[in-house]
Amino acid sequence: MGLTPAEFSSPNFNDRPKDIVPNILVIHYTGMQSLDQALQRLMSSNSQVSAHYLISRKGEIFKLVSEEKRAWHAGVSYWRGETDINSYSIGIELENPGHDFGYSKFPKGQMSVLTELCVEIINKYSISPENIVGHSDIAPRRKKDPGELFDWKSLAKKGVGLWPEPILNKIALESFEKSLNDFGYEIVDLRSTITAFQRHYLPDKVSGISDATTQKTLATLMSLV
Ligand SMILES: [Zn+2]
């Protein structure tokens, strides 16, 4: 393995339920002004939050919780019928100020380390491409991360996650809502779910409205899984 993470130890984890192998990979941004602040928060027992890894903008990688343990990164969430996402997932945080503090692109060095780490994890646990998700995909009413500046497309080109291309030129969905749910998303507040879907798969068209392009994009993704 090419990556050598700096080993830290966050207290914010517990055991996964017995015999569980992770089958979801969740990508986050830290949403804080500095790397130090983010590290402090992820390491402080008061915060009750953590992730398995944190990758800085410079591409340094920090291991905070052992993969076999249940890190506390997802919170109230839903994906493909599962609500205890922490038990079933690996969580990776990316240093980025986020939408509240000057959201900015994810630098190349950070993305290449992330790609390498994701490939390793996906191969180790055989995680399916449709289960490579952002925090907003699993918690659309609460979360925006990693957001529309995150380059899911380049990640997919390297074998990490799905990318809907070419987009099928037909709306083949009986029910858009049901299909979104079948694909994995919660349908509690449809507008936030559509927004989350667009942040991930149509980052140039984040409107919260299910227009024809959004429907075709979902139909394309459904044809890939
Ligand atoms: Zn998050």
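In what follows, the accompanying structure is described. (Residues numbered from 1 in each chain as written. Predicted model: local features only at pLDDT ≥ 70, side-chain atom pairs only at ≥ 80, totals over all residues. Heavy atoms only, no water.)

## Considering the environment of glutamate 148
For clarity, the threshold we go by: By definition, any uninterrupted DSSP run of H or I lasting at least four residues is a helix, any uninterrupted run of E lasting at least two residues is a strand, and each is numbered from the N terminus. Partly exposed residues are those whose accessible area sits between 20% and 50% of the maximum for their type, while under 20% is buried and over 50% is exposed, using a 1.4 Å probe and protein chains only. Residue contacts follow a heavy-atom distance rule, with two residues in contact if any of their heavy atoms lie within 4.5 Å.
Mapped onto the secondary structure, glutamate 148 falls in the loop between helix H4 (135–138) and helix H5 (152–157). Exposure remark for glutamate 148: the relative accessible area of 23% places this residue in the partly exposed category. For the pair glutamate 148 and glycine 184, spaced 36 residues apart in sequence, the C-alpha to C-alpha distance is 19 Å. For glutamate 148, the residues in contact, after removing those within four places along its chain, are His99, Tyr103, Arg199, Pro203 and Val206.

## Description of the pairing of strand E3 (residues 24–29)
As a reminder, the rule being used: For two strands to be treated as a pair, DSSP must find at least two bridges joining them.
The buried count for E3 comes to 6 of 6 residues, which makes it a mostly enclosed element. Burial of the side chains of E3 extends over both faces: Ile24, Val26 and His28 are buried on one face and Leu25, Ile27 and Tyr29 on the other. Here E3 runs beside strand E7 (residues 89–94); their pairing, made up of 6 bridges, is parallel. Note on E7: the bridge partner recorded for tyrosine 29 is leucine 94.

## Some words on the coordination of the zinc ion
The test is simple: Note that water is not among the atoms used; donors are N, O and S atoms within 2.8 Å of the metal (3.2 Å for Na, K and Ca), so sites may look incomplete.
The zinc ion binds to the protein through His28 (ND1), His135 (ND1) and Asp145 (OD); the donor distances cover 2.1 Å. Expressed as a motif, the donor residue spacing for the zinc ion is H-x106-H-x9-D. Of this pair, histidine 135 sits in helix H4 while aspartate 145 sits in the loop between H4 and H5, and the two are 10 residues apart along the sequence. Across the pair, exposure class does not vary: histidine 135 and aspartate 145 are buried alike.

## Side note on the pattern of salt bridges
Two side chains with opposite charge may pair up if their charged atoms get near one another. So the rule is basically this: The term salt bridge refers to a side-chain nitrogen of Lys or Arg lying within 4 Å of a carboxyl oxygen of Asp or Glu.
By the definition in use, this model includes 8 salt bridges. Measuring nitrogen to oxygen at the nearest pair gives 2.5 Å for the salt bridge that ties aspartate 15 to lysine 69. Here lysine 69 lies in strand E6 (residues 69–71) and aspartate 15 lies in strand E2 (residues 13–15), a separation of 54 residues in the sequence. Given the relative accessible area of 24%, lysine 69 is considered partly exposed. Salt-bridge contacts for aspartate 182 lead to lysine 178; the nearest nitrogen and oxygen are separated by 2.9 Å. Taken together, the residues span about one helical turn, with aspartate 182 and lysine 178 both in helix H6 (residues 176–183) at a distance of 4 residues. By relative accessible area, aspartate 182 is classed as partly exposed at 39%.

Bear in mind that shape data such as this cannot, by itself, settle questions of function.
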